Amino acid sequence: MSTEEKSAAPRSLAEALRVRDDVSLAALLRSRPDLITPVPTDLTQLATRAGTRASVVRALERLDRFALQTAEALAVAPDPASYGELLGLMAGDEEDPAVAAALPRAAALLREQALVWGADDRLRLVRTARELLAPSPQHPSPTGLGPTVREATAGMSPGRIQEILAAVGLPSTHDSVSAVSALGGLFADRRRMAALLAGLPAESREVLDRLVWGPPYGQVTHDPAAHLRALLDRGLLLPTAPGTVVLPREVALHLRAGRAHRAPEPVPPPVEAAATHRPQVVDATAAGQALAALATVDELLKEWDEGGPSVLRAGGLSVRDLKRTAVALDVPEPVAAFWVELAYGAGLIASDGEADERYAATPAYDEWRELPPAERWARLAGTWLTATRTPGVVGGRDAKDRTLSALGPNLDRSAAPEVRHRVLALLAGLPEGASPVAESVLARLRWERPLRGPQQQRETGTGEARDDDLRSRIARWTLSEAELLGVTGRGALAAPGRALIGAPEPPRPATTDDAGEPEGPGDKLPVHHHRTPPVTAPPSPAERAAATATAARLLAPLFPEPLDHVLLQADLTAVAPGPLEQELADVLGVLADVESKGGATVYRFTPGSVRRALDAGRSAADLHAFLARHSRTPVPQPLTYLIDDVARRHGRLRVGAASAYVRCDDDATLDEILADKRAAGLGLRRLAPTVLAAQADPAALLEGLRAIGFAPAAESAAGDVLIARADSHRTPPRAAPEPVPDGPPAPDDTLLAAAIRAVRAGDLASTTPRKPGPAGEAGGEDGAPGGTLPRTGAAETLATMQAAVLTGEALWIGYVNAEGAASQRVIAPIRVEGGFVTAYDHTADEVRTYPLHRVTGVAELADDAG
């Protein structure tokens, strides 16, 4: 390198950022959005922020496995290291061609994210990243390498070092520094090192083989065996503490053939296809699942129409209530938790806020039910895709060892939306109609994000993600939840699901498998390796709305037309051979109980269900007319008798509030109630021939009389029958829960452009040369920017400003705004009057007015300032 090239090489990360263009800075801020919150004042502050521990940890968490391996290799390389040295550590002496081909991309990624800076002959890992990834006795390196010879011999006596030199055949030196350099040079020389190892006994080589891939530390006794003594005498094992030895890094690299990692992974593992189906079969299956999802959510909300389970004191559903909900929906408890959380996330249920707080439907539920089925599904699917609440963790334990309950706190996992979107994107990358091998999806995700926090890798010791890590569990839940929701069908991504994530529609092949059956395990589809997805800004609300609208449009033709009829049968059941029109389904849901679901829904009429319809304000004539109008078969006589019998007895008893009372025109009926032993708990006594008073409240009295076999009706204080509608209980308007972001949001293009402009302007102000001034004042003794604000008196500031107006010169000022934030600016004063200076601000690139009393001082720029 020439003298001019050396002088042009950046000496710090700030200088490296200063020579970047706007496109490169935008890529950095987009990939590390925490650097822009708040906007740095200049590039020096940006570089400082990029080197903080929290920011570096976050950036390392978002590296793919090969980029992380590259950073780990730089952490054990000399500082600075050349690209050739890095290539040797990654590709080894044999120079693996796949590693050599992938390394430029990884190095460019690290440089783009400001984790590495410098030219190819002087690559430097930022200091914080080196501290996190470099080996130490407390935290072994993910590479499994130990300290260098220089580091391991730091506390060793000079005499002992000379003994090691003599043992390996090196001449003695006059000082320890040269002795250690000579020993390190020997260990790094492949030919001489091979000769040294060849003279060792086989037992000694076995010890080295056990330590070579890490951990590099071992234990020895006070009087080690001969094969261990041979290693200690030659410095192939060096003592680090009493009874502890370490394999020097140079020795390990020789035994590894120069490789820092046992298994570099330059390309991502492919997502394998387990089977393939006809796309039409996938879409039809997904549409059936989507219909079932809508029916399940509707059934859940109807169960809670009149007030659902109580809210626990700490928030959420009790275990018992979740079990009851699972039984009511005929699903396992984890699946019930998924449906409950989905409805909550969509804003369809919430707590009512009453003194006896309970969960209930919200007014948004009524609006949702009025939407077409495809739009209802799209709203649920869009909510699921972006929600951070993760129902899969329900039943687990939180940090305080408390059980996590459905609808309770601490269910948010900020990584969930990203993992869901990425899993669906991987499915979209498969051939259309192909379902994935689940383990291959998990392996791909682990390659793309190998660690969540730099300590996780050190805990495992190998860099391999644990099978139970959060991202893998979320991915497994995503695959099952997508199938439940109808985003996938038979494990393959359906067309509406593809639209939901904004993936392009693939071309349909000219020929398909007419059978539509899965291929055998041996017929796996070829899948190409994919590049790591570029960092992009999350979709805007408008883009998400467009995606869900497209998904609804694609799903609508797949739904069957709703039916306006049922088939009544003589066994007091009705069969709905498909989805029903909303009005018909609503009335039938009140008049009958669902007995079984599936391709056809079976409803059963019971005295309780008929009474429920009468309580809702229907008369017997209305029910007869409704059934005759919507039945394709004649109304069975048993059903007619059932309706008439319940209607004849309905409302003969009237219950009101005394605490409660019962009145009936037929005193014989009241006699019958008083004589019934099952009514003893109601505390009834006769007030008049046609009136009974009760100690129970009206609701309990109603339920008690119905349990005995009567059909009382509730009445108001005016004596009118109260109509109990199923949808009468609603919470006040509630907002759906907001997702918890995973760190700062990615900036859009407008914010990026404004931020880069402000940073460059602030950097201009901080680096513009100033004229020399008195020591300790503006610019320091040499006029160089010292990072401090200029300090001048009020009179001098005013005089300098007025002179600059006449000469048109630019000035450097210090300014403190109304919030007390200090900044330095380069301005060209235009006029000074009334205690204000109006100037063209080069920092903001616009004309601004500043109060003079907020200017800390002023300094002239050097004559050669640009």
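Description of the structure in this document. Numbering of residues starts from 1 in each chain and follows the order in which that chain's sequence is written. Residue-level local features of this predicted model are given only where pLDDT is at least 70; pairs of side-chain atoms are given and counted only at 80 or more, and the full residue set underlies all totals for whole chains, interfaces and linings. Water and hydrogen atoms play no part in the side-chain values, which are based on all heavy atoms of the structure.

Observations regarding the sheet that holds strand β23 (residues 836–841)
Two modes of strand pairing occur in sheets, parallel and antiparallel, and in both the strands are linked by backbone hydrogen bonds.
Part 1 of the argument: Any two strands with at least two DSSP-identified bridges between them are counted as paired. Each helix is a run of H or I in the DSSP string that is no shorter than four residues. Each strand is a run of E no shorter than two, and both are numbered from the N terminus. Spatial strand order, β24-β23-β22-β21-β25: five strands in an open sheet with antiparallel pairing. Strands at the two margins of the open sheet, each flanked by one partner only, are β24 (846–851) and β25 (855–860). Taking the axes of each pair of neighbouring strands and ignoring which way they run, one obtains an average angle of 45° across the sheet.
Part 2 of the argument: Two elements, strand β21 (residues 811–816) and β25, share five bridges in a ladder whose sense is antiparallel. Bridge pairing in β25 places leucine 811 opposite glutamate 860.
Part 3 of the argument: A contact between two residues is defined here by any heavy atoms of the two lying within 4.5 Å. Simply put, an axis is a line fit to the C-alpha atoms, just over the touching stretch for a helix, and the angle between two N-to-C directions goes from 0 to 180 degrees. The sheet contacts of helix α35 (residues 794–807) involve β21, β22 (822–833), β23 and β25, and relative to β22 the element is tilted by about 60°.

Thoughts on the side chain of arginine 130
Part 1 of the argument: Here arginine 130 lies in helix α9 (residues 127–133).
Part 2 of the argument: Given the relative accessible area of 16%, arginine 130 is considered buried.
Part 3 of the argument: Polar contact criterion, stated in full: a pair of N or O atoms within 3.5 Å, where within protein one must be able to donate a hydrogen and the other to accept it, and residues adjacent in sequence count only if both atoms are side-chain atoms. At 3.0 Å, the side chain of arginine 130 forms a polar contact with the backbone oxygen of leucine 74.
Part 4 of the argument: Residues within four places of arginine 130 in sequence aside, it is in contact with Leu74, Ala75, Ala77, Pro78, Asp79 and Leu125. For every residue, the accessible area obtained with a 1.4 Å probe (protein chains only) is divided by the maximum for its type, and the residue is called buried under 20%, exposed over 50%, and partly exposed between those limits.

Re the pattern of salt bridges
Part 1 of the argument: By definition here, a salt bridge exists when the distance from a side-chain nitrogen of Lys or Arg to a carboxyl oxygen of Asp or Glu is within 4 Å. Counted under the stated rule, the structure contains 39 salt bridges.
Part 2 of the argument: Salt-bridge contacts for arginine 124 lead to aspartate 79; the nearest nitrogen and oxygen are separated by 3.5 Å. Here aspartate 79 lies in the loop between α6 (65–76) and α7 (83–91) and arginine 124 lies in strand β2 (residues 124–125), a separation of 45 residues in the sequence.
Part 3 of the argument: With a relative accessible area of 21%, arginine 124 lands in the partly exposed category.
Part 4 of the argument: For the salt bridge of arginine 612 with aspartate 593, the shortest nitrogen-to-oxygen distance reads 2.8 Å. Taken together, the residues span a long stretch of sequence, with arginine 612 in helix α29 (residues 607–615) and aspartate 593 in strand β14 (residues 593–596) at a distance of 19 residues.

Some points on the pairing of strand β18 (residues 685–688)
Part 1 of the argument: Pairing of β18 with strand β19 (residues 691–694) involves three bridges; the strand directions are antiparallel. Residue pairing across strands places alanine 688 opposite valine 691, the latter belonging to β19.
Part 2 of the argument: Counting the residues that bridge the hairpin from β18 to β19 gives two residues.

Topic: the pairing of strand β15 (residues 601–604)
Part 1 of the argument: In this sheet, β15 lies alongside strand β13 (residues 573–576) in antiparallel orientation, the contact comprising four bridges. Paired with threonine 573 across the bridge in β15 is arginine 604.
Part 2 of the argument: Where β14 meets β15, three bridges bridge the pair, whose relative direction is antiparallel. Paired with valine 594 across the bridge in β15 is tyrosine 603.

Some words on the sheet that holds strand β12 (residues 567–569)
Part 1 of the argument: Spatial strand order, β12-β13-β15-β14: four strands in an open sheet with antiparallel pairing. A strand with exactly one partner marks an edge of an open sheet, and here the two such strands are β12 and β14. Within this sheet the neighbouring strands show an average axis-to-axis angle of 30°, counted without direction.
Part 2 of the argument: Sheet topology note: the β12/β13 ladder contains three bridges and is antiparallel. Pairing of glutamine 569 across the sheet is with threonine 573, part of β13.

Description of α6
Note that an α-helix has 3.6 residues per turn; residues three or four places apart therefore point the same way.
Part 1 of the argument: With 12 residues, α6 extends 17 Å between its outermost C-alpha atoms, agreeing within 8% with the 16 Å of an ideal straight helix rising 1.5 Å per residue.
Part 2 of the argument: A large share of α6 lies buried, amounting to 12 of its 12 residues.
Part 3 of the argument: Listed as buried for α6 are Arg65, Phe66, Ala67, Leu68, Gln69, Thr70, Ala71, Glu72, Ala73, Leu74, Ala75 and Val76.
Part 4 of the argument: If you check the start of α6, you find a side-chain oxygen 3.1 Å away from the backbone N of phenylalanine 66, and it comes from aspartate 64. Multiplying one less than the number of residues by 1.5 Å gives the expected span of a helix.

Focus on the packing of helix α22 (residues 416–428) against helix α25 (residues 470–485)
Part 1 of the argument: At a minimum axis distance of 9 Å, the contact between α22 and α25 shows a crossing angle of 60°. The pairing of α22 with α25 is recorded here as oblique in orientation. Crossing hand, α22 versus α25: right-handed. Across the interface between the two elements, Ala416, Glu418, Val419, Arg420, Val423, Leu424 and Leu427 from α22 touch Arg471, Ile474, Ala475, Thr478, Leu479, Glu481 and Ala482 from α25.
Part 2 of the argument: Classification convention: Asp, Glu, Lys, Arg as charged; Ala, Val, Leu, Ile, Met, Phe, Trp, Tyr, Cys, Pro as nonpolar; all other residues, Gly among them, as polar. Grouping the amino acids of the contact of α22 with α25 by side-chain chemistry returns nine nonpolar, one polar and four charged. Should an angle lie under 35 degrees it is considered roughly parallel, over 145 roughly antiparallel, and from 65 to 115 roughly perpendicular; all remaining angles are considered oblique. The crossing is said to be left-handed when, going from far helix to near helix, the turn is anticlockwise and less than a right angle, and right-handed when the turn is clockwise.

Quick word on unusual backbone geometry
Peptide bonds are trans in most cases, and residues, glycine excluded, mostly fall at negative phi.
Part 1 of the argument: The peptide bond linking threonine 37 to proline 38 adopts the cis configuration, its omega dihedral lying at -10°.
Part 2 of the argument: Tracing the backbone through its elements, the reader meets proline 38 in the loop between α3 (22–31) and α4 (43–50).
Part 3 of the argument: In this structure, the amide linkage connecting aspartate 79 to the following residue, proline 80, adopts the cis form with an omega of 0°.
Part 4 of the argument: Following the sequence through the fold, proline 80 ends up in the loop between α6 and α7.
Part 5 of the argument: A positive phi angle, close to 60°, is found at alanine 257, a residue other than glycine.
Part 6 of the argument: Tracing the backbone through its elements, the reader meets alanine 257 in the loop between α16 (249–255) and β6 (273–276).
Part 7 of the argument: Here the phi dihedral of asparagine 410 falls at roughly 65°; this positive angle occurs in a residue that is not glycine.
Part 8 of the argument: Looking at the secondary structure, you find asparagine 410 in the loop between α21 (373–386) and α22.

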